[in-house]
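# Inside the fold
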Amino acid sequence: MKELICIVCPKGCHLKVDEENGYSVTGNACPRGAEYGKKELTAPTRVITSTVKVRGAIYSRCPVKTAAPIPKGLIFAAMELLNDVELQAPVRVGDIVIEDICGTGIPFVAARDL
Amino acid sequence: MMNYDKHYEVVIVGGGPAGLAAAYSACRNGARKVLIIERDREVGGILNQCVHNGFGLHYFKEELTGPEYAGRFADMVKGTRADIMVDTMVLEITPEKIVKCASQQYGYQAIKADAIVLCMGCRERTRGAIEIPGDRSSGILTAGTAQRYVNIEGYMPGKKVVILGSGDIGLIMARRMTLEGAKVLAVVELCPYSNGLNRNIVQCLNDYNIPLYLSHTITNIIGKTRVEKVVISEVDGFTPIPGTEIEFECDTVLLSVGLIPENEISIRAGVDIDGRTRGAYVYENMQTSVEGIFASGNVVHVHDLVDFVTGESIRAGAAAAEYALGKRVGGRVINVVTKPGVNYTVPQKIRPDNIEKNVEIFFRTNKVRGNSVIRVKSDGNEIAKFKREHMAPGEMEKISIPKVLLDRCGDSLEISVEDAES
């Protein structure tokens, strides 16, 4: 039995995950907690947010995020990809910044208009 | 009679998440002339520098970054008739509801308001506020300032970092600095528990193996020009224990040691401030002690989640619009009284005549608790109780009291928290 704190929402439910019984989860207040508990022990993922250089805008950085959670092990490799990116304003929220993060098929997208 | 340049039904001071939601709601509730006054060059407030995700799960039912959340509300406000004045600083609000402000573009202006919503948010406590001993080296800054440098200006404040305070901003910046290549040596927390959300301990510290030193504080900062070394000590309560010192060689100290509602303007307008929250005393509809002046968001009490700021501001904006259109609220006033286990409540005053179905009361407990009971009493008689499996000062609590119970209770409502009998 493994104890986790759910990070799906700010409520932070205290989960208990039974690794020996198909990763069944207790202590979750919603179905997403059960999904998180299982995934966290089998294939943990995170949404990564950061910023990239932008030219011609009111600020010099544009916030970006992974369009979906990526495997935890790829976090620093994903960050590395952003170092060479330079956007040109205007940028629209949702614009693709990097098409495919390390073969996951998941893109980095802009997180604001600029 | 005071002269003024313009007239609005509702003037909102501050264009962060509170101000945007209040403006949106004021327009939706019948106000036709609504103005937001914002001192920065765009609306959105601190959300614009909070590039991490986790915003909006309650309000939008999806997980957004700060700039996305701000962008959605800015778009919603653009779809209303509200005017926005940016780059404009409010200097003073008079009790007669004249808002005096200044900007480069228009110079000094006096704006008459029928109703005002105070949405100035809060600011960070600094090194001076908590009197950290040591050298006055460069490299000591608040976590929010560092966040602005990194996420908006594009500067890294340092390479080897010690963070004092485990509030959410400190935790978020520990992760952010790590992702940008800095080494975060320690997050140091005076209390025996973290004041941040549990999820942030997991995804900001544990994910990156950043050590959290509970019941510790910084007892010395060493560095002639730039920070060179930080000494932390274990504490017994608030007193450092000699012999427990740990030294960290670092070049940067970030402070996440609490937020203070920014109420200088409110006080000059005659608004009464609650010493517990450092924000205005408010009624159930977020009106302050001055009729027609409302307040919402972090200027009233520091929230954990922007979604709750939005909810509160929607109520404040609606009430301000109703006031501007002539509605007056009267009747009996129930005082909400904090009893053991409860640090403060918002609202502090409830007028049952102005409650439709139920009233939501927000509060914080005074320590980390397991199974607990929240008791609501009036004149010593229990009228409601609520169970919780887990409570912490870092997590705002909410209870909902039905109008029928309010109608039956006396002039005070006492709220306490105690450990449940197992």
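Bear in mind that the values here come from a model prediction, so they are computed numbers and not experimental data. (Residues numbered from 1 in each chain as written. Chains lettered and ligands numbered in written order. Predicted model: local features only at pLDDT ≥ 70, side-chain atom pairs only at ≥ 80, totals over all residues. Heavy atoms only, no water.)

### What to know about the overall build of chain A
Looking only at helices and strands, chain A has two helices and ten strands in total. Going from N to C terminus, chain A has its helices and strands arranged as β-β-β-α-β-β-β-β-α-β-β-β. The C-alpha atoms of chain A give 17 Å as radius of gyration, which overshoots the globular expectation for 114 residues (13 Å, by more than 25%). For chain A, restricting intrachain contacts to residue pairs at least 6 apart in sequence, the fraction spanning at least 24 positions comes to 43%. For chain A, the exposed surface amounts to about 5800 Å²; the carbon and sulfur share of it is 51%. (Helix = DSSP H or I, 4+ residues; strand = E, 2+ residues; numbered from the N terminus. Rg over C-alpha atoms; globule rule 2.2 N^0.38 Å. Contact = heavy atoms within 4.5 Å. Areas by Shrake-Rupley, 256 points an atom, 1.4 Å probe, with all protein chains shown as cover.)

### Some thoughts on the domain arrangement of chain A
Looking at chain A, the domain boundaries give domain 1 (2-42) and domain 2 (49-110). On a C-alpha basis, the centroid separation for the pair domain 1 of chain A and domain 2 of chain A is 29 Å. (Domains from an automatic or database assignment.)

### Remarks on the interface of chain A and chain B
Between chain A and chain B, the residue contacts involve 29 residues of the former and 32 residues of the latter. Interface of chain A and chain B: buried area, both sides summed, is about 2700 Å²; carbon and sulfur atoms make up 55% of it. Put simply, chain A and chain B have four salt bridges between them. Across the pair R112 of chain A and E42 of chain B runs a salt bridge, and its minimum N-O distance is 2.7 Å. The tally of links from chain A across to chain B stands at eleven residue pairs in polar contact (both at pLDDT 80 or more). By residue class, the composition of the side of chain A that touches chain B is 17 nonpolar, six polar and six charged. (Buried area = accessible area lost by both parts, 1.4 Å probe. Salt bridge = Lys/Arg side-chain N within 4 Å of Asp/Glu carboxyl O. Polar contact = N/O pair within 3.5 Å; in protein donor to acceptor, adjacent residues only side chain to side chain. Nonpolar A, V, L, I, M, F, W, Y, C, P; charged D, E, K, R; others polar.)

### Focus on the sheet that holds strand β1 (residues 2-5) of chain A
Residue and element names in this part refer to chain A. The sheet built from three strands is open, its strands ordered β1-β2-β3 with antiparallel pairing. A strand with exactly one partner marks an edge of an open sheet, and here the two such strands are β1 and β3 (24-26). Sheet twist, expressed as the mean angle between neighbouring strand axes with direction ignored, is 30°. The sheet contact formed by β1 and strand β2 (residues 14-18) spans four bridges and is antiparallel. Following the sheet pairing, E3 is matched in β2 by K16. Relative to β1, helix α1 (residues 31-42) is tilted by about 120°, and along the sheet it contacts β1, β2 and β3. (Pairing = 2+ DSSP bridges. Axes fitted to C-alpha atoms, helices over the stretch in contact; angles between N-to-C directions.)

### As for the packing of helix α2 (residues 75-82) of chain A against helix α5 (residues 168-179) of chain B
Two numbers describe how α2 of chain A lies on α5 of chain B: the axes approach to 10 Å, and their chain directions differ by 65°. Judged on the interaxial angle alone, α5 of chain B and α2 of chain A are roughly perpendicular. Of the residues in α5 of chain B, those touching α2 of chain A at I75, F76 and M79 of chain A are R176, T178 and L179 of chain B. (Parallel < 35°, antiparallel > 145°, perpendicular 65-115°, else oblique.)

### Quick notes on the packing of aromatic side chains
Residue and element names in this part refer to chain B. For the coordinates displayed, the defined rule picks out ten aromatic pairs over all chains. Judged by centre distance (5.8 Å) and plane angle (65°), the rings of F60 and F73 are edge-to-face. Taken as a pair, F60 in the loop between β3 (53-55) and β4 (64-65) and F73 in helix α2 (residues 66-78) lie far apart in primary sequence, 13 residues in all. In this pair, the class of F60 matches that of F73, namely buried. Following the ring pairs from residue to residue traces out a cluster consisting of Y24, Y59, F60, Y69 and F73. Taking NZ or CZ as reference, K6 lies 5.4 Å from the ring centre of Y106, over its face. Note that R328 overlies the ring of Y323, its terminal NZ or CZ placed 3.6 Å from the centroid. (Phe/Tyr/Trp six-rings, centres within 6.5 Å; stacked < 30°, edge-to-face > 60°. Buried < 20%, exposed > 50% of the residue type's maximum accessible area, 1.4 Å probe, protein only. Lys NZ or Arg CZ within 6 Å of the ring centre and 35° of its normal.)

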